[in-house]
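Secondary and tertiary structure notes
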Amino acid sequence: MTRSLAAPVTIDSPEMGDATALGRAIRAQRLASGLRIDDAAALCGVSVAVLSRLENGATGVSVGRIFKVLDALGLALLVINK
């Protein structure tokens, strides 16, 4: 059985309120870049399991790994006052 990638998710706002929103943004960027999860994980220097957990909004992914993924996919984290 052949697996296909889900359609990219459009992010309406750069404001991320939780890990799920951050994961959706990361997945959208990966898909927009035309990368399969295994190729993206290799590019980011993390395992497929880590990237999958991050994309699915799971907790327990280290901040260091999050920054590696963001950097490799051309994303940045901006912290602002609400």
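Higher on the page you've got the structure.
Let us look at the structure shown here.

Definitions and limits used
- Residues numbered from 1 in each chain as written.
- Predicted model: local features only at pLDDT ≥ 70, side-chain atom pairs only at ≥ 80, totals over all residues.
- Heavy atoms only, no water.
- Core = buried A, V, L, I, M, F, W, Y, C linked by side-chain atoms within 4.5 Å.
- Buried < 20%, exposed > 50% of the residue type's maximum accessible area, 1.4 Å probe, protein only.
- Helix = DSSP H or I, 4+ residues; strand = E, 2+ residues; numbered from the N terminus.
- Contact = heavy atoms within 4.5 Å.
- Polar contact = N/O pair within 3.5 Å; in protein donor to acceptor, adjacent residues only side chain to side chain.

This part covers the nonpolar core. Grouped together as the largest cluster of nonpolar side chains are 16 residues, with contacts concentrated most on Ile26, Val46, Leu51, Leu54, Ile66, Val69 and Leu73. Breaking this core down by element, the ones donating at least two residues are α1 (19–32), α2 (37–44), α3 (48–55) and α4 (63–72). Here the element with the most residues in this core is α2; it accounts for four residues. Discounting chain neighbours no more than four positions away, the residues touching Leu54 are Ala19, Gly23, Ile26, Val61, Ile66 and Val69.

Turning our eyes to something else, we now look at the side chain of Glu55. Within the secondary structure, Glu55 is located in helix α3. With a relative accessible area of 3%, Glu55 lands in the buried category. A distance of 2.6 Å separates polar atoms of two side chains, one belonging to Glu55 and the other to Arg30. Beyond its immediate sequence surroundings of up to four residues, Glu55 is in contact with Gly23, Arg24, Ile26, Arg27, Arg30 and Ile37.

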